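In case you want the letters, here they are:
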Amino acid sequence: MLDERLRLTRRVPPCTLVIFGANGDLARRKLLPALYRLAAERRLPAGFAVLGNSRTPTNDEQFRDRMQEAVAGHLEDADFDARLWEEFSRALFYLPGDLRDASLYQRLAARLEEIDRTCRTAGNILFYLSTAPSLYPEVVSRLASSGLHTGPGWRRIVVEKPFGRDLAEARKLSRLLYRAFPEEAIFRIDHYLGKETVQNILAFRFANGIFEPLWNRRYIDHVQITAAESIGMEGRGAFYQEVGALRDMIQNHLLQVMATVAMEPPAAFEPEAVRDERAKLLRSIRIPEEPEIASIAVAGQYGPARIGGEDVPGFRQEPGVDPNSPTETYAALALFVENWRWAGVPFYLRTGKRLPRRFTDIAIQFHAAPHALFGEAGIAEPMRPNLLVLRIQPEEGISLRFLAKLPGSGMKLRPVLMDFNYGASFGLRAPTAYQTLLLDAMAGDPTLYTRQDMVEACWAVVQPILEAWARRRFDFPNYAAGTWGPPEAETLLARRGHRWRSP
């Protein structure tokens, strides 16, 4: 089964992946484990190398040892093969230096030429910005001034979120990137779009004739998109209080998921055709106006609580957080799409820290049957409309809730689930989002990457809310750690006759 899957896998060209910030959390937890898995599946090109950079003074061998420890620590024991790592790590290199130092880029150019000769990477280079966003302008400007943005092979750059702190900064970053790279060489990464279930939305809708005809306002009552986290700050309090839930999750991840759920069918399954439709949907979201923001947007911040016999700190008690911080750790929105397909259908988006459990899913609730043929007496449980749930994490799959007759005499109905699970159905471990997205960037396929017009459309939706919240003083904390958020979040749905789904 695995051999057949690999046989059908596309080939990617030789290249060197340059990771700026190679000693950081992202590189250690996500990028290197993803590259190792790709190596284990023989999906990396024969001519491939990684050149890591950070300020830490170390050499190639020490870097390899450090990355081995990181990769082994983020994989199951049985998945780590010491002999495979030995082979893979020969293509790992390291160059210490401060990204603000112009001489670093001269040394970088020389090292890349050396790697190109020894590893035969055809002069192709993929730069990956795994640094603090404040360093993006410095790195891009230095790459351009040193000439590293052009060469005998192709040059591409992967940019991690956030793409600016607001609409103005997003446009400023875009202008800077365009001075060094064309749009087709800029890969703005949103790892949610690399998740198998998010990709499967397109297959589910457009390859199954029974669902696409129902995918509109006539049959769908509302949509809920949730990204819930049970953890707190995990040592990232100082960073998080500068960002908040709205910027961290909704402006990018959840709006991109919403666009994938609600977009029109593309003319063809080609990168620009797919991205055009996602961009069109994002531009169709109604921009909230000042008077309505209080009724369509809810902010929350978790407070201390006792969970499982342990005292859990509130956000303001987390290390590095201002004890009077006004940053939201919870955000919920009610958004509307102004087009023929979705007019009047609310899309509810919510995300939060320190909620009761970790999960991300899309819940599509259909309208109730127009006539209760069996009456209330025929329903064994409270009547609930059909519900389709696309589970993104932790367990990827799809479930459909419908009514069925209870065994025995009489016509008694009860909701049941029809469930699909990726692991059980295919017997294969799904690739991680970063495996998929790194291969796509090497292959030059931007289908699952965010285009600048999409970035700006997302910021346009949340910008009025950010500005309104900046002028308002919230009575934080307004929900206890381990609960499902502030009471106002329930009111947000209740005023439209809905309620949040319990996972």
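Residues numbered from 1 in each chain as written. Predicted model: local features only at pLDDT ≥ 70, side-chain atom pairs only at ≥ 80, totals over all residues. Heavy atoms only, no water.

Chemist: Go over the overall build of the chain with me, naming the residues and quoting the values.
Modeler: Counting its secondary structure elements, the chain contains 16 helices and 18 strands. In terms of overall dimensions, the chain is globule-like: its C-alpha atoms have a radius of gyration of 24 Å, near the 23 Å expected for 503 residues. Once the C-alpha set of the chain is aligned to its principal axes, its extents read approximately 80 × 55 × 50 Å. Relative to its 503 residues, the chain shows a buried fraction of 55%. Sequence separation of at least 24 residues holds for 78% of the intrachain contacts in the chain that already meet a minimum separation of 6. About 22,900 Å² of surface is accessible on the chain, with carbon and sulfur atoms providing 52% of the total. With 64 positive and 61 negative side-chain charges, the chain shows a separation of 2 Å between the mean positions of the two kinds. (Helix = DSSP H or I, 4+ residues; strand = E, 2+ residues; numbered from the N terminus. Rg over C-alpha atoms; globule rule 2.2 N^0.38 Å. Buried < 20%, exposed > 50% of the residue type's maximum accessible area, 1.4 Å probe, protein only. Contact = heavy atoms within 4.5 Å. Areas by Shrake-Rupley, 256 points an atom, 1.4 Å probe, with all protein chains shown as cover. Lys, Arg positive; Asp, Glu negative; His and termini not counted. Charge placed at Lys NZ, Arg CZ, Asp CG, Glu CD.)

Chemist: For unusual backbone geometry, give the residues involved together with the corresponding values.
Modeler: Following Lys161, the chain continues to Pro162 via a peptide bond in cis, the omega torsion being 5°. With respect to the helices and strands, Pro162 occurs in the loop between strand E5 (155–160) and helix H7 (167–180). Cis peptide bonds are those with omega within 30 degrees of zero, and the linkage from Gln393 to Pro394 qualifies with 5°. For Pro394, the location among the structural elements is in the loop between strand E15 (387–393) and strand E16 (397–405). The phi torsion at Arg42 lies on the positive side, around 55°, for a residue other than glycine. Within the fold, Arg42 resides in the loop between helix H2 (25–40) and strand E2 (48–54). The phi torsion at Ala122 lies on the positive side, around 60°, for a residue other than glycine.

Chemist: I'd like a description of the pairing of strand E6 (residues 186–189), backed by residues and values.
Modeler: Of the two faces of E6, both are covered, the one formed by Ile186 and Arg188 as well as the one formed by Phe187 and Ile189. In terms of strand pairing, E5 meets E6 through four bridges, oriented parallel. Among the inter-strand pairings, Val159 is bridged to a residue of E6, identified as Arg188. Since E5 and E6 lie parallel, the crossover through H7 that links them has a hand, and here it is right-handed. (Pairing = 2+ DSSP bridges. Right-handed = clockwise from strand over helix to strand, strands pointing away.)

Chemist: Please give an account of the packing of aromatic side chains that cites residues and values.
Modeler: Counted under the stated rule, the structure contains 19 aromatic pairs. For the ring pair Phe204 and Trp215, a centre distance of 6.2 Å and an interplane angle of 65° mean the geometry is edge-to-face. Taken together, the residues span a long stretch of sequence, with Phe204 in helix H8 (residues 196–206) and Trp215 in the loop between H8 and strand E7 (220–228) at a distance of 11 residues. The class of Phe204 is buried, set by a relative accessible area of 9%. (Phe/Tyr/Trp six-rings, centres within 6.5 Å; stacked < 30°, edge-to-face > 60°.)

Chemist: Could you give me a rundown of the nonpolar core, with the residues and numbers involved?
Modeler: Taken as a class, soluble globular proteins show a tendency for nonpolar side chains to be buried jointly. Counting residues in each nonpolar core, the largest one holds 155 residues, and the members touching the most others are Leu35, Leu255, Ile362 and Ile364. Excluding its chain neighbours within four sequence positions, the residues that come into contact with Leu35 are Leu17, Leu44, Phe48, Val50, Phe88, Leu438 and Met442. (Core = buried A, V, L, I, M, F, W, Y, C linked by side-chain atoms within 4.5 Å.)

Chemist: Lay out the sheet that holds E6 with the relevant residues and their values.
Modeler: The strand order E3-E2-E1-E4-E5-E6 describes an open sheet built from six strands, whose pairing is parallel. Each edge of the open sheet carries a strand with a single partner, namely strand E3 (92–96) and E6. Within the sheet, the average angular offset between the axes of one strand and its neighbour, ignoring direction, is 20°. Two strands pair when backbone bridges link them, and E2 and E3 are joined in this way by five bridges, in the parallel orientation. Residue pairing in the sheet places Leu51 in a bridge with Phe93 of E3. (Axes fitted to C-alpha atoms, helices over the stretch in contact; angles between N-to-C directions.)

Chemist: Explain the confidence of the model for the chain residue by residue, including any values.
Modeler: Atomic detail in the predicted coordinates should be set aside for any region of low pLDDT. Summing up the model confidence of the chain, the mean pLDDT is 90 and the portion of residues at 70 or higher is 94%. Note that residues 1–8 has pLDDT below 50 and, in this model, eight contacts with residues that lie over four places away or in other chains. (pLDDT = per-residue confidence, 0-100.)

Chemist: For the sheet that holds strand E14 (residues 359–366), give the residues involved together with the corresponding values.
Modeler: With mixed pairing, the eight strands of this open sheet are ordered in space as E8-E12-E13-E7-E14-E15-E16-E17. In this open sheet, the two strands that pair with only one neighbour each are strand E8 (297–300) and strand E17 (413–421). For this sheet the average axis-to-axis angle between neighbouring strands, irrespective of direction, equals 15°.

Chemist: Let's hear about helix H10 (residues 244–262): which residues, and what values?
Modeler: Across its 19 residues, H10 extends 26 Å between first and last C-alpha, which sits within 8% of the 27 Å expected from 1.5 Å per residue. For H10, the principal kink sits at Ile250 and spans about 45°. Of all the 19 residues making up H10, 19 are buried; the element is thus mostly covered by neighbouring parts of the structure. (Expected span 1.5 Å × (residues − 1). Bend = angle between axes of the 7 residues up to and from the residue.)

Chemist: Quick one: what's the story with the pattern of salt bridges, residue by residue and with numbers?
Modeler: Counted by the stated rule, this structure contains 25 salt bridges. The shortest N-O distance in the salt bridge between Glu212 and Arg341 comes to 3.1 Å. Linking Glu212 in the loop between H8 and E7 with Arg341 in the loop between strand E12 (330–336) and strand E13 (346–352), this pair joins segments that are 129 residues apart in sequence. Judged by relative accessible area, which is 18%, Glu212 ranks as buried. The exposure class of Arg341 is buried, given its relative accessible area of 14%. (Salt bridge = Lys/Arg side-chain N within 4 Å of Asp/Glu carboxyl O.)

Chemist: Help me get a handle on the side chain of Arg341, residues and values and all.
Modeler: In this structure the side chain of Arg341 is engaged in a polar contact, spanning 3.1 Å, whose partner is the side chain of Glu212. A polar atom in the side chain of Arg341 sits 2.7 Å from the side chain of Glu264. With residues near it in sequence (within four places) discarded, Arg341 still touches Arg205, Glu212, Trp215, Asn216, Arg217, Ala262, Glu264 and Pro265. (Polar contact = N/O pair within 3.5 Å; in protein donor to acceptor, adjacent residues only side chain to side chain.)

Chemist: A description of the pairing of strand E1 (residues 15–20) should follow, citing residues and the corresponding values.
Modeler: E1 sits mainly inside the fold: six of its six residues count as buried. Judged by which residues are buried, E1 turns out to be covered on both faces: Cys15, Leu17 and Ile19 on one side and Thr16, Val18 and Phe20 on the other are all buried. By the bridge criterion, six bridges tie E1 to E2 in an arrangement that is parallel. Across the sheet, residue Leu17 finds its bridge partner in E2, namely Val50. Of the crossover connections in this fold, the one passing from E1 over H2 to the parallel E2 is right-handed.

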